[in-house]
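Chain and residue survey
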Amino acid sequence: MKGLFSSENVNCQGISAALIPYLDGRATVNEQTLVESHVAECPACRTRLQEFSRLFGVLDELPPMQPSPSFDVRVRQRISAEPAAGWFGWLLPAPRLAFSLAVLLGLFTWMGKFQSPGMDNTGATATTQSEQDFRAIRDLGVLENYDVLKGFDALSELPVPPPRPATEDQDNGDGGGQL
Amino acid sequence: MARSDVQLMLETKDGNSASFDLLLQRYRTPLVNFLYRIVRDSGAAEDLAQEVFLRVYRARDRYAPSAKFTTWLFRIATNLALNKIRDTRHQKMELSLDAPAKEDEQVMELPAPEKRVDQMMLERDRADFIRSAVEALPEKQRIAVMLHKYEEMDYQEIAKVLQCSESALKSLLFRAYETLRVQLAPLVGLPAQNSDVTVGFRKGRLS
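Every chain is numbered independently, its residues counted from 1 as its sequence is written. The naming scheme follows written order: chains are lettered A onward, ligands numbered 1 onward. With pLDDT at 70 or above as the cut-off, local features in this predicted model cover only qualifying residues; side-chain atom pairs require 80 or more to be listed or tallied, and sums for whole chains, interfaces and linings still use all residues. Heavy atoms throughout the structure, all of them, feed into the side-chain values; hydrogens and water do not.

Section: the overall build of chain B
From N to C terminus, chain B includes 10 helices and 0 strands. Burial classification: accessible surface area is computed with a 1.4 Å probe over protein chains only, and a residue below 20% of its type maximum counts as buried, one above 50% as exposed, and the rest as partly exposed. Out of the 207 residues in chain B, the part that is buried amounts to 46%. If you take every contact in chain B between residues at least 6 apart in sequence, the share linking residues at least 24 apart comes to 65%. Computed by Shrake-Rupley with a 1.4 Å probe, the accessible areas treat only the displayed protein chains as cover when residues are assessed. Here chain B displays about 10800 Å² of accessible surface, and carbon together with sulfur accounts for 52% of that area. Secondary structure counts use DSSP, requiring at least four H or I residues in a row for a helix and at least two E residues in a row for a strand, with both numbered from the N terminus. Residues count as neighbours in contact if any of their non-hydrogen atoms are within 4.5 Å of one another.

The structure is reproduced here in structure tokens:
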């Protein structure tokens, strides 16, 4: 397997990325050969490699940070406080999805609440309009039929009902007042 | 023989909480240490490490051993740490890179009891010097160094955590170690005359 470099004329910059894998023992055979042949002829890279080697030792001096004694207890507390997975437990790992669904549901509910009455009115208006149109069409034949209209004159001969006495009207109108 | 991480995770998936406790014991120190080096705050590092374990526990039912457990674990930790840094930066509360370590950070690092006070002070100064150099690295370089040097992960694994190619990772690591080599020159610098090329090559290897 080829490593980072395939050219035989490897310069200092070209060799640089192989220095760390070489030191940690994870370089490919190709990288290892190239590094060794290069540093044998390049004092600067030889020094750099040695300094890297010492750097690894220096970095080992950094003391690790220990977790506090209560760390495990606090993790267990948080785990025990976790809600038990129920019907919607699958939504817990995807809070964004749950939130989006909730927003969509709320939006549809809100739109339904405000749009339904409007839609009903529109329907009622449409019904009324169509009834009027229907009546107009239905009466159209009658209005255009002269014989029928002529016959309507008979209606004018109907006896006119006698006017009601004025006192009776007054009584009816003032009834509430008497009470 | 110790059970593998994957085995423990699968047992956790089956409802065995003792297996999860073993994972907790196995990775709490590396995780807290890793997060501490990234976010540079001991309290935040502990909180984040707890959050990592909580997320692992929550995801137990969906866990499939397709990748190494540590890759998954440190991927979660890296994401949380980077988010934390972003949030902190957003709140303009990030500590100065040159600021000395806080008292609580030093308390967490336990010196060996048999050491003399002056020796401890010298070592502490030296450790502070090294720490400040590591912490001054850019985030991604710092994460790469932590996973490479302290967690001893292989390149493929670190590349997966950082979501980059292996060659990009090698360049990233070189830049990080080169910066550290320059910054820590008083500690790593060689005398004027160079020793034999074959001396010390393998001595400094990590494995």
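Further notes follow.
So, the packing of aromatic side chains
Two aromatic rings from Phe, Tyr or Trp, using only the six-membered ring of Trp, form a pair when their centres are within 6.5 Å; if the ring planes differ by under 30 degrees the pair is stacked, by over 60 it is edge-to-face, and anything between is tilted. Scanning the model with the defined rule gives 9 aromatic pairs over all chains in all. Judged by centre distance (5.2 Å) and plane angle (85°), the rings of F34 of chain B and F74 of chain B are edge-to-face. On the criterion of sequence distance, the pair formed by F34 of chain B in helix α2 (residues 17-39) and F74 of chain B in helix α4 (residues 69-90) is long-range, its members being 40 residues apart. The class for F34 of chain B is buried, based on a relative accessible area of 0%. Among the residues examined, F74 of chain B registers a relative accessible area of 1% and is labelled buried. The interplanar angle of 70° and the centroid separation of 6.0 Å between the aromatic rings of F69 of chain B and W72 of chain B together place this pair among those described as edge-to-face. Separated by 3 residues within a single helix, F69 of chain B and W72 of chain B lie in helix α4, roughly one turn from each other. The class for W72 of chain B is partly exposed, based on a relative accessible area of 25%. Grouped by ring-pair contacts, the aromatic residues F71 of chain A together with F20, F53 and Y57 of chain B constitute a single cluster. The side chain of R26 of chain A reaches across the aromatic face of Y155 of chain B, ending 5.5 Å from its centre. A positively charged side chain is recorded as over a ring if its NZ (Lys) or CZ (Arg) lies within 6 Å of the ring centre. The angle to the ring normal must also be within 35 degrees.

Re the interface of chain B and chain A
Of the residues lining the interface, 63 residues belong to chain B; the matching set on chain A comes to 47 residues. Buried area adds together the accessible area that both of two parts lose upon being put together, with accessible area traced by a 1.4 Å probe. Both faces considered, chain B and chain A share a buried interface measuring about 5300 Å² in area, 61% of it formed by carbon and sulfur atoms. We count a salt bridge whenever a side-chain nitrogen from Lys or Arg sits within 4 Å of a carboxyl oxygen from Asp or Glu. Counting across the chain B and chain A interface gives 9 salt bridges. Across the pair D21 of chain B and R76 of chain A runs a salt bridge, and its minimum N-O distance is 3.2 Å. Nitrogen and oxygen atoms within 3.5 Å of one another constitute a polar contact, given that in protein one can donate a hydrogen and the other can accept it, and given that sequence-neighbouring residues count only through two side-chain atoms. Across the chain B-chain A interface, the total number found is 15 residue pairs in polar contact (both at pLDDT 80 or more). Mapped by element, the contributors of at least two residues to the side of chain B that touches chain A are α2, α3 (42-58), α6 (117-135), α7 (139-150), α9 (166-183) and α10 (185-188) of chain B. Put simply, Ala, Val, Leu, Ile, Met, Phe, Trp, Tyr, Cys and Pro go in the nonpolar bin, Asp, Glu, Lys and Arg in the charged bin, and everything else, Gly too, in the polar bin. The class makeup of the residues in the side of chain B that touches chain A is 28 nonpolar, 14 polar and 21 charged.

A look at the nonpolar core
Note that soluble globular proteins tend to have their nonpolar side chains buried in a common cluster. Residue and element names in this part refer to chain B. L31, F34, L35, V52, L169, Y177 and L180 are the most contacted members of the largest nonpolar core, which has 80 residues in total. The element best represented in this core is α2, accounting for 11 residues. Once residues within four sequence positions are removed from consideration, L35 is found in contact with R40, A45, L48, A49, V52, A77 and A81. Residues enter a nonpolar core if they are buried and are Ala, Val, Leu, Ile, Met, Phe, Trp, Tyr or Cys, with the set joined through side-chain atoms within 4.5 Å.

Looking at the environment of F52 of chain A
Looking at the element boundaries, F52 of chain A is found in helix α3 (residues 43-59). Classification of F52 of chain A by relative accessible area gives buried; the value is 0%. For F52 of chain A and L23 of chain A, which are 29 residues apart along the polypeptide, the C-alpha to C-alpha distance reads 8.0 Å. In this view, F52 of chain A contacts L19, I20 and L23 of chain A together with F174, Y177, E178 and R181 of chain B; residues no more than four positions away in its chain are not counted.

Some points on the confidence of the model for chain B
Residues and elements named next belong to chain B. Chain-level statistics for chain B give a pLDDT mean of 82 and a share of 79% at 70 or above. Note on residues 103-107: pLDDT under 50 across the span, and 8 contacts to partners over four residues away in sequence or across chains. Per-residue confidence from the predictor is reported as pLDDT, which spans 0 to 100. Here residues 192-207 scores under 50 on pLDDT; set against residues more than four positions off or in separate chains, the count is 34 contacts. Here the predicted complex scores 0.63 on pTM and 0.74 on ipTM.

Quick look at the packing of helix α4 (residues 71-80) of chain A against α2 of chain B
Two quantities define a packed helix pair, namely the angle between the axes and the distance from one axis to the other. Note on geometry: axes are C-alpha line fits, over the in-contact stretch for helices, and angles between N-to-C directions span 0 to 180 degrees. Contact geometry for α4 of chain A and α2 of chain B: axes closest at 11 Å, N-to-C directions at 125°. Considering their axes alone, α4 of chain A and α2 of chain B lie oblique with respect to each other. Viewed along their axes, α4 of chain A and α2 of chain B form a crossing whose handedness is right-handed. Counted together, F71, D72, V75, R76 and I79 of chain A of α4 of chain A and F20, D21, L24, Q25, R28 and V32 of chain B of α2 of chain B form the full contact between these two elements. In terms of residue class, the contact of α4 of chain A with α2 of chain B is built from 6 nonpolar, 1 polar and 4 charged. Should an angle fall under 35 degrees it is called roughly parallel, over 145 degrees roughly antiparallel, and 65 to 115 degrees roughly perpendicular, with every other angle called oblique. Two helices that cross are described as forming a left-handed crossing if the nearer one is turned anticlockwise from the farther one by less than a right angle, and a right-handed crossing if clockwise.

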